[in-house]
Amino acid sequence: MDISLDTSAFTELSSFIAAARKEGFSFKPSAIVKDRKYSMDLLQTLTEKASPALAEQALSVVRKHHVLEIEYAITG
């Protein structure tokens, strides 16, 4: 059984969670990786309420784990 860890994705996810906490948000990292609906809800929330930088960071993280059917425009 091959158990390898994508360290770049893990690092990016960890960085995103830390940045979100600084802005007062709290997310479940495992749900971001495993749950498409959770990830889409997260993007919607951050597009509406977070800084543009955090929203863009979330979009990058989610794109690594899910194929998005909707193109998001992050506006500041």
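Every value quoted in this text rests on a predicted model; they were computed, and no experiment measured them.

Conventions and cut-offs
Residues numbered from 1 in each chain as written. Predicted model: local features only at pLDDT ≥ 70, side-chain atom pairs only at ≥ 80, totals over all residues. Heavy atoms only, no water. Helix = DSSP H or I, 4+ residues; strand = E, 2+ residues; numbered from the N terminus. Buried < 20%, exposed > 50% of the residue type's maximum accessible area, 1.4 Å probe, protein only. Contact = heavy atoms within 4.5 Å. Areas by Shrake-Rupley, 256 points an atom, 1.4 Å probe, with all protein chains shown as cover. Salt bridge = Lys/Arg side-chain N within 4 Å of Asp/Glu carboxyl O. Expected span 1.5 Å × (residues − 1).

**What about the overall build of the protein chain?**
- The secondary structure content of the protein chain amounts to four helices and zero strands.
- Put simply, the protein chain runs from its N terminus to its C terminus through helices and strands in the order α-α-α-α.
- With 76 residues in all, the protein chain has 33% of them scored as buried.
- Long-range pairs, those at least 24 residues apart, make up 54% of the contacts in the protein chain with a sequence separation of at least 6.
- By element, 54% of the accessible surface of the protein chain is carried by carbon and sulfur atoms, the whole surface being about 5,200 Å².

**What to know about the pattern of salt bridges**
- By the definition in use, this model includes two salt bridges.
- K37 is the partner of D41 in a salt bridge, and the nearest nitrogen-oxygen pair spans 2.9 Å. One end of the pair is D41 and the other is K37, both in helix α3 (residues 36-49) and four residues apart, which spans about a single turn.
- Classification of D41 by relative accessible area gives partly exposed; the value is 38%.
- The exposure class assigned to K37 is exposed, which follows from its relative accessible area of 58%.

**Observations regarding helix α4 (residues 52-65)**
- Compared with the 20 Å implied by 1.5 Å per residue over 14 residues, the 20 Å span of α4 between its first and last C-alpha is a close match.
- Looking at the buried residues of α4, the elements they touch are α1 (7-22), α2 (29-34) and α3.

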